[in-house]
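These are the residues of each chain, in order.
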2 protein chains.
Amino acid sequence: MSDLANQIAARIGAKNVVIDADLLAPHLNEWRGRYSGKTPFAAFPATTEEAADIVKLCVAAGAKITTQGGNTGLVGGQIPDGEVLISLKRMNQIREIDAGNDSLTAEAGVVLATVQSAAAESNRLFPLSLAAEHSATIGGLVSTNAGGVHVLRYGMMRDLVLGIEAVLPDGRIFSGLKGLRKDNTGYDLKQLFIGAEGTLGIVTAACLKLYPQPAAREVVMLAVPSAAHALALLHQMKAATGAVSAFEVMNRLSVEVTVKNVPSVRDPLAGAGALAVLIEFEAAHAEGLREAIESALGAALEAGEAETALIAENASQARDFWALRESISAGHKPEGVQVSHDISVPVSKTPEYLAKANAAMQARCPGVRIVAFGHMGDGNFHYTAMQPLGADPASFPGAALTQIVYEVATSLGGSISAEHGIGITRRGDLARFKDRESLALMRTLKHAIDPMNVMNPRTMFE
Amino acid sequence: MSDLANQIAARIGAKNVVIDADLLAPHLNEWRGRYSGKTPFAAFPATTEEAADIVKLCVAAGAKITTQGGNTGLVGGQIPDGEVLISLKRMNQIREIDAGNDSLTAEAGVVLATVQSAAAESNRLFPLSLAAEHSATIGGLVSTNAGGVHVLRYGMMRDLVLGIEAVLPDGRIFSGLKGLRKDNTGYDLKQLFIGAEGTLGIVTAACLKLYPQPAAREVVMLAVPSAAHALALLHQMKAATGAVSAFEVMNRLSVEVTVKNVPSVRDPLAGAGALAVLIEFEAAHAEGLREAIESALGAALEAGEAETALIAENASQARDFWALRESISAGHKPEGVQVSHDISVPVSKTPEYLAKANAAMQARCPGVRIVAFGHMGDGNFHYTAMQPLGADPASFPGAALTQIVYEVATSLGGSISAEHGIGITRRGDLARFKDRESLALMRTLKHAIDPMNVMNPRTMFE
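Residues numbered from 1 in each chain as written. Chains lettered and ligands numbered in written order. Predicted model: local features only at pLDDT ≥ 70, side-chain atom pairs only at ≥ 80, totals over all residues. Heavy atoms only, no water.

1. A short note on the pairing of strand 12 (residues 216-224) of chain B
Residues and elements named next belong to chain B.
Okay, step 1: With 8 of 9 residues buried, strand 12 is to be regarded as a mostly interior element.
Okay, step 2: Pairing geometry for strand 12 and strand 14 (residues 275-283), over 9 bridges, is antiparallel. Paired with Ala216 across the strands is Ala283, a residue of strand 14.
Okay, step 3: Examined bridge by bridge, strand 12 and strand 15 (residues 308-311) share 4 bridges and lie antiparallel to one another. (Buried < 20%, exposed > 50% of the residue type's maximum accessible area, 1.4 Å probe, protein only. Helix = DSSP H or I, 4+ residues; strand = E, 2+ residues; numbered from the N terminus. Pairing = 2+ DSSP bridges.)

Below is the structure:
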């Protein structure tokens, strides 16, 4: 072990400093196999003070740090490349549930599903919900400003955070764990650390907003003729029910490849509709919700916004509807060479985005197959271009198609990364597509708070 | 005119640079008469580019800047003391309403009520609502992260902002006016300018979130025996109806002095209850709302959470209920020497705050009269200590009482300024009550972004 590893072992216990390759392996490999890394050792602090002392020792030794939560990120930011790895896994305590304040304080290493369960046990809802919820941890979800399927009603992680505790790049501790709804005493410093992907400090705990448990939930699936019809449907449903908690779309091809490649999944719409739309509704009381939805769906069918509308008759059918949506990532993986994107545009521009991007893809690569799905209610599509059937994988112009996707999104006032972040994967694209003043301001912040570039030094910036 | 004034006049037109004392007067005096200031001249840009060029000219001349919106602030930040005054009043265009994106883009000088009306004309709601809404401007509301009566349901201004345009302290323009619900491309730079009270740049425009217009609204007033009962009532109403949009309380004395001093106002509860509670409900459809409220109120009366409950039978009665709440500021002004505060605590701690603060006030100043009212649903009280009846005003220990209020709030994890900000008034208190690391981090940000201390140089920092 190096001097630094020995110093840290003396502070947090030798068994919490790991150099064994087998034990390190799960922390050095991204779950899809796209990134693998290296580290001199991994340190596992159990407290904020331990994390702070590790940072101070690293700074004194001139070492850099990569921070890791549940290792579920999609852009490579959590995999070290020679830096000391700090894993927050042992900081896994729920420090407080204050039901009377509708808040819960969790350490960085607590898994999202654990927070959801703890909230439910207090008759409250923590609404963040996403595919990795049984592995992703609060620290990572805060640091990446995670999204998911309920952003439409409850916002992203940024909107769900009341307070933050973080270790700064010089080892000082920022103690901003207040559970306040209102606090205008100076700059809102917690915002710095939310979505900063660990480049400005290590989030060690967060105070999170809870909501009342909805008493009633309904799930609907519709076959819709076009994205313009889906947009009209979205506004109609929001205005008529006030209860829309998710509005997800899947284009026809995304449904087809999923039904083909994921045996447990079926298409409730049996092939109908250019788009399948899944809507979830939540309400504080059951009375009137079903009637309001049925009436709104009747109007939507009448107006031609939908061709078919199915209301889940029970929880099992609701799970079936969601299973299709949640299986699409797995569904299109086996379809050959592909490039994936996570773009957003203003909600009003979603039909225009799909029309322009699809046309530009076909023009550049005739026969390209487009899987478009995701959170249309937030203006966010997961948009994948797959090689034409039977084409030579080596000839697939993936990089060129990615640039086209980003150009189309940007031209509509959109974003090249709606919820997945920048990490390592999108650093070059960020430098290309972000305006000069914003990039300069980002570097000003990074330099002011982490002048030695200690924290996640390869993340976000080229 | 000075060289600088002449240079700016050459850029934006002589009539938009004001040195005449009579014309300056409305900009140099705070509306309650607590602050009056001085300036070499006031500049009124009409465009973002004009504002940027004014800043560049000021920087080149070594001049400091104070920025002003509607001059409705309560902490003196908008009144210059020798700095060049930049007023955003002429930047008063609504640039875009995108109903399909539920967003509206307004320049800094647009008055809040104008935004509310424009949203309503597009069949949308802009939910921010506060007493100064016919004077306060978007730039000031963003810069002070304004709150108001609908925070419980819709959040503060920070939660209602999708994008920001701002002039930086060196005259560069930050163009972050995107209308996106999701954008994880690097640091969320707009957060820097929200609530920064103009110390990091001049907000010139904002893209704001709109909501569907609620189809139904109900207003209820209740006599409640104690703050603990009011807290139970809050959670009961939220869970049972899912429709609470405001939860305001007024202690008995605040109602009494208002009825006494504001002739147009009456007390619907005719003196009942230690606290009067006003609850507003909103729903997307009228069916079922009244029944849900009546059922929840029945349960609350049964449980002893309320002694009396009145449901407004029509819009006129609802306005009467709100008129009492909105007249309290005017109602206690005539009651002699007083010190006012705007504190928050976790919602669960609101009864404890009132008990501890009231006891500590009486201990320090026997006979002191406490007016406590405001946004209990957000943990926020406007808390005023008034001189004992018949006491010598000169003997009133106002400063000492303020320190006690802040000590009690801070000891409960609270804030010394929930929605009014720091400005000039609370700089000393901020230095005393904010933790050292947060103050240091604030100074780091200020120095990184405004190293010459050009922007609102006396605001927030001592």
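2. Observations regarding the side chain of B:Lys209
Residues and elements named next belong to chain B.
Okay, step 1: Its location among the elements puts Lys209 in strand 10 (residues 202-209).
Okay, step 2: A polar side-chain atom of Lys209 sits 2.9 Å from the main-chain carbonyl oxygen of Asp159.
Okay, step 3: Apart from residues lying up to four places away in sequence, Lys209 is in contact with Asp102, Leu125, Phe126, Pro127, Asp159, Leu160, Leu162 and Arg181. (Polar contact = N/O pair within 3.5 Å; in protein donor to acceptor, adjacent residues only side chain to side chain. Contact = heavy atoms within 4.5 Å.)

3. Some remarks on the domain arrangement of chain A
Residue and element names in this part refer to chain A.
Okay, step 1: Assigned domains of chain A: these are domain 1 (3-87), domain 2 (94-212), domain 3 (216-330) and domain 4 (335-433).
Okay, step 2: On a C-alpha basis, the centroid separation for the pair domain 1 and domain 4 is 33 Å.
Okay, step 3: In this assembly, 5 residues from domain 1 lie in contact with 6 residues from domain 4.
Okay, step 4: At the boundary of domain 1 with domain 4, total buried surface from both sides reaches about 460 Å², with 63% on carbon and sulfur atoms.
Okay, step 5: Taken together, the links from domain 1 to domain 4 amount to 0 salt bridges.
Okay, step 6: Here domain 1 and domain 4 share 3 residue pairs in polar contact (both at pLDDT 80 or more) between them.
Okay, step 7: For the side of domain 1 that touches domain 4, the residue count by class is 3 nonpolar, 2 polar and no charged. (Domains from an automatic or database assignment. Buried area = accessible area lost by both parts, 1.4 Å probe. Salt bridge = Lys/Arg side-chain N within 4 Å of Asp/Glu carboxyl O. Nonpolar A, V, L, I, M, F, W, Y, C, P; charged D, E, K, R; others polar.)

4. Observations concerning the relation of the copies chain B and chain A
Okay, step 1: For the match of chain B to chain A, the screw axis carries a shift of 0.0 Å, the RMSD comes to 0.0 Å, and the turn is 180 degrees. Expressed as an axis order, the relation between the two copies is that of a two-fold axis.
Okay, step 2: Both copies share a contact surface, since 100% of the interface residues of chain B are interface residues in chain A too. (Least-squares fit on C-alpha atoms with pLDDT ≥ 70 in both.)

5. Structural notes on the UniProt feature "domain: FAD-binding PCMH-type" (unreviewed entry) in chain A
Okay, step 1: Per the UniProt record, the feature "domain: FAD-binding PCMH-type" (unreviewed entry) sits at residues 35-213 of chain A.
Okay, step 2: As annotated, residues 35-213 of chain A has a helix share of 23% and a strand share of 24%, and its two end C-alpha atoms lie 39 Å apart. (UniProt positions renumbered as here; feature names shortened; annotations may be inferred.)

6. Structural notes on the interface of chain B and chain A
Okay, step 1: Contacts between the two partners involve 82 residues from chain B and, on the opposite side, 82 residues from chain A.
Okay, step 2: Here chain B meets chain A over a buried area of about 6,100 Å², counting both sides, of which 58% is carbon and sulfur.
Okay, step 3: Together, B:Lys182, B:Asn184 and B:Tyr187 form the three largest contributors to the area buried by chain B at its contact with chain A, with a combined 17%.
Okay, step 4: Seen at the junction of chain B and chain A, the total is 8 salt bridges.

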